[in-house]
Each structure stands twice: as structure tokens, then as C-alpha cells.
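# Examining the three-dimensional arrangement
Here is what each chain is made of, one letter per residue.
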Amino acid sequence: MKFYYGIILFLFFLSNSVFGQKVLPPIYNYKIFDYKAASQNWDVAVDSSGALYAANNKGLLSYNGEEWVLNKLPNNTIIRAVRVIGDKIFTGSYEEFGYWQKNEYGLLDYTSLTHLIKNYTFTNEEFWQIIAFKDAIVFRSFSTVYVYEDDKIKVIDVAGVVSDLVAYNNELYIAGGDTGMYKFQGDKFSALDHFEALLGKTIIATAIVDNKLFIGTKLNGCYVFENGELEEWDNDINKELKKHQLNEIVPYPNNKIAFGTIKKGVYLYDNTQNTFINLDRETGLQNNTVLSIFHYDNQLWLGLDNGIDRIQTNAPITYYTDFSGAVGTTYDIAFANGILYLGSNTGIYYFENDVLQFVENSQGHVWDLKVIDGELFAGHNTGTFKVTKNTLEKVSSVSGGYQIVKVPEQENSYFQGTYIGVSKFLKNPEGTWSVQPISGIQFPVKQLCFESEDIIWVAHPYKGFFRLRLNSTLDQVAEIQEFNHDAIPNNYNVKVFNVKNRIVLYADGVWYTYNAILNKIEIFEDFAKYKDNVLIYNDGDYFWFIDNENSKEIVYTNLRDKSLSIAENVLKKRLVPDAENVVKFNDSIFMLTLNDGFAKINLTKLHKYLDDFVVPKPQLSYFKDEEKRFSLLNETFQIDYKDSQSISFQVASPNLTKPRYFYELSGAKEQSSYVANGTVNFQNLPHGAYTVSIATVSIDGKFSEPRMFSFAIASPWYLSVVSKVVYGLIFILFIFLVRLYNRKKLARKQQVFEAQMDRKQEEHLANLEKEKLAKEIKLKQQELTSTTLNIAKKNEVILELKNMVVMNKDKFPSSSRYGSFIKKLDKSVNDSEDWKRFEVNFKELHEDFFERLLKEFPKLTPKDLKLCAYLKMNLSSKEIAPLMGISLRGVEIHRYRLRKKLQIDTSEYLSSYLITF
């Protein structure tokens, strides 16, 4: 066990000696355009949740980790001091001091305390410091001290200038500028003995460190007061503080002290190891003038003359950042002969005495750094070089050295992928290197690995994978096996690895392996969990994956029982897409190449940090709809439907730097998602009840206890209770109207039906009457026809009789007897009574026939009318002749004459004309 701890300590000190001041804790810059206020931040303070408050030229800045809010005083004066005590944020300004408290809506309300000052008038005082002392709050200006206790204010005048205020050993001390230190005794401050060394030196800051009172002067460094004795602090850092004008002293855990300066940023001093690092404009601060410092939960907040910075003091991930831009993007890192080298797109660099140096004549793109037998090789776009800090010796002229891999089972033999194929490196017995391109392959090879001594796999950037079988001397390709789209769907930007003597392939987010027995490519089940994750490093036991397409999350795992997720925001933003590279320094320390330097991950420290770390439950900062902000005292928020088109809320975990969150919305609509900030907005949710569960996500992907709250979107006005009552009444009225309408409709239908029935009955009666009339007419027609035919038959008989008489005229005894008999026969033929009966019967059937005929043809004679009547009855000439007592020819002559009178064309039948007349 002692040996184990010895190894750990050795590695720890070795890593420190290697990296020294080159790697620094993460620094987060908050610029003026981030917080939208003035540049100068005179004082900073943090509450118990980790929320920041800064005394700014334009007011009180508050930052909950997600949102900056500027809170202005009623008189809009500059705030010089801020201190969080309990749930109140005390501030001091010009002739004004008081406190701020959050109201039910999460906003800060200000309460002034100056009205409690009795019988005293301000004399252009500004309040520069606030401290808690026993049960009181003490405010300091440059000339006076004000003690606020029990809702009263006591004013203590001080002769001279008050430059600082400190509570030490349960007593109140002030610094009198260049006149020494004073202690509050009775009702006044009295000068202290043993502080003569400070006379003439401007005291600018004081702090309690390890029960000692550190007193910092403006240009004369620090002094330490302990057990009644004052001594100048004997430490190398004191020389820096004298040189760069000390302005602030803040101790923080693990026996460390932060010194803020006016000219050189902040110095972080480790009292245990007696070492320090300097953070200034060149190493990531926005400004070298540090006006204020506050430590909270392994974080230092710096109020600067221009902006606000945040430093993680115990970060397991530290960074080297090239702020000059000269290095560019780092592609590889190597440690050779006690020197750390960087290979970038601009050349090769190394550190000497913690200063970055450039290897002369190395300009150009460096793809690979590899230590072989203690010698450093650099794969460069112009060739491959052997590198020391002072020399650059070309080993190969083949352009583009991507990757060097050792040939299995052979000493001093290596293969390298290049722009134009593969080169073989061989170290000769005398220690020189010979390089020979492998013939038979002439395309770029970015990655290669060995399946066996004579079989290599290469990855073409665009054409996919090739399996190359070499000859016995390993200098020529004997056989090339290419895998087309049937084996691998997408050949773009593929990668190939040898994992525990298995060929593992990555293409289009999917992991495959080569089955040598079946000579085919199959899905690699061991990596199935890491779909869409690229392997960026493996040593056979542990693997580093990165989700390059989505979250940029890095996973460190042994594929079995150990897994660590790293989703640190600063790291994710600085990784080089598709060119991430992990370099192992020892079992605990790994380095990642970045687009402006590199990151150092201390896994031991990271595991300890995560084991000790409790992911904080997020705080609800606000909840609002389109019109108003809701009281956070409520457990459920009631939202009017008209204001529900946009609903937003904000949660914060102020003590974390840019954390992620995961929320779930359940209710009338459900959704869930990760969010990169704490503000969530819902658009056009349907009405109903909802529950939100939101948790903070740590850098290793663990969830905090969720924050739960509910809200309900009221029904739209057309679905409200009143509206539903109205709808019910309208429905009832509608039913009533429908029934009324149906009744009226039924009545109308009944009326129509009755009318139809009446009409049908009338039509039926009319039809019956018509049929009756038709029958009567038919009967009369039959009677008329029968009568007419009887008359015609009678006349025909009489005419025959007359003809017989005429023929037997000689047999009559006398001519008179003959004449009388003939006359009687003629009278019988032309009997007017027969005509009258015919005319009566005819007129019953055709009552207006003669009138219309005479009206149309007034020249017709009675004989013509008689012929017309017979023709209308459709009697033939033969039947008409006896009726008129004339011969058949006489009838034809009469018809001819009638046709003339009626002006009928010869093509038309006379009887047809009269029938239809």
C-alpha cells in the first residue's frame, strides 16, 4: 500500500514538474455585452445557492448562472460594495446604503436604510465595504463607519482615511490608509501599537489566513500580524505583489490565497506547496486590473475593471490556451526527454521554462508526433522529421506523415500512412533510419493497422477500407482486397482500429469487425452501445469515445463495469471536429488536443470530484406567460388561455458553470429534451393540466433530484363554464326550435298532403267525370252515328224506292198520283226533322263547331255546313250521299266546292281538316 501511494505521489509531482504553469484552471469570461451594464465591477459576492451579485457602475448585477439582470437604485448611482448576509443582499453607494431581497416573483426589491440615520448628514460619502460583525452589519466609507443593528444605525466618525475594514479575533479593525491599523474600543477606533512598519504605506486590503491577519499594502507587499507581532511576509510572491500593485486578498480552501492586483491580474498561491500561478490578460483574463474577488465552492469570481471572470480553482480538467493565436489548432502532443511538444497546423512547439517556443523551420501542418526509442518523430505535410528542441532532421521526404505504427513481431520496423500511400521505416544497426515507400499503393492513407505481420488495413478518406497482403519482405503489396458498398454502406471518412487483435471498423456511425474465417465484415457487438460515437483512443483496456455529431460528450470506459462521461462545456467547444486526439501521460493523466491548445484531464481527481459532488437540484427563477410573471410561492400556475401561446420558465444551478438540464412535460401534451441552458419555452400548448419535471445534468451525465411544478392552461372562452352553460341553453333552444320547426314542417307537410289528397281526389273525380263525359260523348257519338246511319239507311231506301217509282212511272194511274208520291218521297229524304235531331245531337258533341266555322268562313251555306258536319263525323261520300239526298257524284262535286271555300290545299284531306277544326 505504501508503494502504491508512493507511485501516486511520484506521478503527481512528475505531472506538476512537466506541466508547471502551462496548464491553468478553466477561466470563463463574462463581457460587457453579456451582462449589458458598465465595465467596472467594484465588488462581487455570492449567495448560498451560488448566485453572483456584482457592484457595477450602473447598479447591482445579479447572475443565477443562466441570466444577467441589472437592478438599478432609485437614484441610479454607482454601487461600490455588495455583501450577501442571510437572504439579504446589502449594497453601498453614493450617500446611500440598504439591502435587496427577492420578492415572490423572483425579482429583487430594494430597501434603503439611510432613513435610520439620525442627527447626521452625509458629506459626499461613498460606501466601499460591507461586513458582518457579530449581530451587526457594518458599512464603511472613506471617512466613517456605520453599524446597522436592531433596526438602528450607529455612526462612528474616524479621524483620517478608512481604507479597509476587517473582523479579526471577534474584534473590529480598520486600516487607516497610510497611518496604520485601528481597533474599535468603546465607542471609537483607537490606534494600535506594533504597526509602525505600516506607517507611510497605503493599506489596501486585509484578510484572515490560518488565523493570521494578512495586511496588504498598495506597493509594499503583504505583512502578517499574529500574536501581537507584525512582520513582513517573507515569500517570493511578495515581490510580485509589490511590483504589480496589490488590490485584494481572499483566502480559499486547501490553504490557498488569491491576490488581486491592479497591473497583473490575479495570483493564486498554494501555501502548502509554496507555489503560485499568475492569471492575467495573456492567460485568459479579460483585464489585468482586479477590483474584487469572492470565493465560493471551488470558484473564484473576479470583478474586473472591464468585465467579470470566473475561475474554477480545483478543476480536474485544466487547460493550456494559446491566446496569441500563433499555435493554431493542436493535432498531437508528445513528451520526449523531459520536454512537452505540440504539433499544430502551424508547426512544432515546445515548452522551455514554462515558455512556449517554436522549433525553427518546422512551419507547416503537423499531423502526428511519435516517440520511438526515445526519439521524437513528426509527421509533417512536407515529410517526416526527427525533432529536438533545437534541431529538425528530415527522415522522409514523402509528403504528409499521418500515423506511424510498429510492425508486429519485428524490432525497429514501422509503417506510416502518407498522402500518397504507405512508407516503411527501418532503423539500421548503426542507429540511422531508412524509409522506403510500399509499392502497389498510391492513395492517401490516414489510418492503418496490422491484422498480422504481412496484412495491413488502411482507411482511404473517401473510398473506404482496403485489406492489403504484403510480400515476404514487406515492401510491396501482393494482394488488395477492397470492400464495396455491399459490406459498408458509406465509405466516407471511415476509420480502422486494432482492438485486442481484432480489426474494428467505423463507418457512418456504425461499428463493424472483420471475420477472418468467413472473410466478411459483420456488426461489432462489443461497440454496439457506442453507435455514432468515434473511438479517439484506446490502450486495449480502456477506450475513449466521443459523440462527435450530437452532444460532443466524451466517454471513458473499459466496456464492462467502469464508465465515465465527460460533458464539460468549455472542453466541448474547443475540441477539433473529426480530429480529436487523446494522449496518455500516465494512468491518471490524459491530454486532449484543442483548437487553441490542449486540455489535461486528471482522472483520479475527476473521479474524486464526481464522487464528492452532489448534483444540485435546479432552482426555479421565474415562470411567465405572454403577459405576466407568476408568483413563485404558488405550487400550480393558472394561465389564461389567451396568454398561453408562449409559456416560459427558467431554472438555474448557480454554482455550476453552464450546466445542462433535462426536462419532461406531461399532461395534455407530452415532450422531453435536454437543454443547454435553463430557459425552456413552450409554444401553443393545448389547454389542460401539465406537470414539469426538470433536473440538472452533471458533466458525467448524472441527474439531480428533479424540480417539480405544475401549471394549468384554462380552457378558451368558448370552452369555459359560462360558455358551456350558454351552449347548453343554446342547445335546449335549438332543440325547442328544431321541434317547433319540425312541428310547423309537419303541419305544412300535412297541409300539403291534404291538399295533394284533395287535388288527387278532385283529379280522380275529374277523371271520373271526364271518363263519364267521355263515355257519354262516346255514347252520344255512337247514338249520333247510329242515328245518322239510320237516317242514311232510311234515305237510301227511300231513294231506292224513288228510283223504282221513277222506273215504273207508267204504271201509275195518273201523273198527279205519281207526282204526289214522288213529292212525298223527296220530302221524306229531305225531312227537316231528321236534320234538327241530327243538329241537336251534333251540337251536344261539337257545340261551337258551326259558330267557329261560320266565323272563319262566313260564306258557307247551310248545305255546306251540313256537309261539314258529316265530314267531321268522318263519314264517307257514300254515306253522305243518302243523307243529303244526292248522288255520290253530287257529293264529290259538293266536296270540291267546299274545299274551295275553305281554301284547303289538295294535299290535305278535307275530312281531317274538319275533324281537327
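Structure: see above.
Read on for an overview of the structure. (Residues numbered from 1 in each chain as written. Predicted model: local features only at pLDDT ≥ 70, side-chain atom pairs only at ≥ 80, totals over all residues. Heavy atoms only, no water.)

### Comments concerning the packing of aromatic side chains
- Applying the stated criterion to the full structure yields 74 aromatic pairs.
- Both rings, one in F351 and one in F598, keep their centres 6.5 Å apart while their planes meet at 80°; by these two values the pair is edge-to-face. Taken as a pair, F351 in strand β32 (residues 347-352) and F598 in strand β56 (residues 597-602) lie far apart in primary sequence, 247 residues in all. The two residues F351 and F598 agree in class, both being buried.
- Their ring planes at 85° and their centres at 6.1 Å tell us that W511 and F545 sit as a pair that is edge-to-face. Placement of W511 in strand β48 (residues 510-515) and of F545 in strand β51 (residues 543-546) is noted, with a sequence separation of 34 residues between them. The same class applies to W511 as to F545, namely buried. (Phe/Tyr/Trp six-rings, centres within 6.5 Å; stacked < 30°, edge-to-face > 60°. Helix = DSSP H or I, 4+ residues; strand = E, 2+ residues; numbered from the N terminus. Buried < 20%, exposed > 50% of the residue type's maximum accessible area, 1.4 Å probe, protein only.)

### Section: the sheet that holds strand β23 (residues 256-261)
- The antiparallel open sheet is built from four strands, whose spatial order is β22-β23-β24-β25. Each end of this open sheet is capped by a strand with a single partner; those strands are β22 (246-252) and β25 (275-279). Ignoring which end each strand starts from, the neighbouring axes of this sheet average 20° apart.
- As defined by bridge partners, strand β24 (residues 266-270) adjoins β25 across five bridges and the pair is classed as antiparallel. The partner of Y267 across the bridge, within β25, is N278.
- Lying over the sheet, helix α3 (residues 236-244) contacts β22, β23, β24 and β25, oriented at roughly 165° with respect to β24. (Pairing = 2+ DSSP bridges. Axes fitted to C-alpha atoms, helices over the stretch in contact; angles between N-to-C directions. Contact = heavy atoms within 4.5 Å.)

### Quick notes on the nonpolar core
- Residues W511, W544 and L571 are the most contacted members of the largest nonpolar core, which totals 48 residues.
- Grouped together as the second largest cluster of nonpolar side chains are 31 residues, F849, L867, M873 and Y913 included. (Core = buried A, V, L, I, M, F, W, Y, C linked by side-chain atoms within 4.5 Å.)

### Observations concerning unusual backbone geometry
- Residue H194 is not a glycine yet carries a positive backbone phi of 70°.
- By secondary structure assignment, the location of H194 is in the loop between β17 (188-191) and β18 (203-209).
- Residue H194 is classed as partly exposed on the basis of its relative accessible area of 49%.
- Although it is not a glycine, N412 adopts a positive phi angle of roughly 60°.

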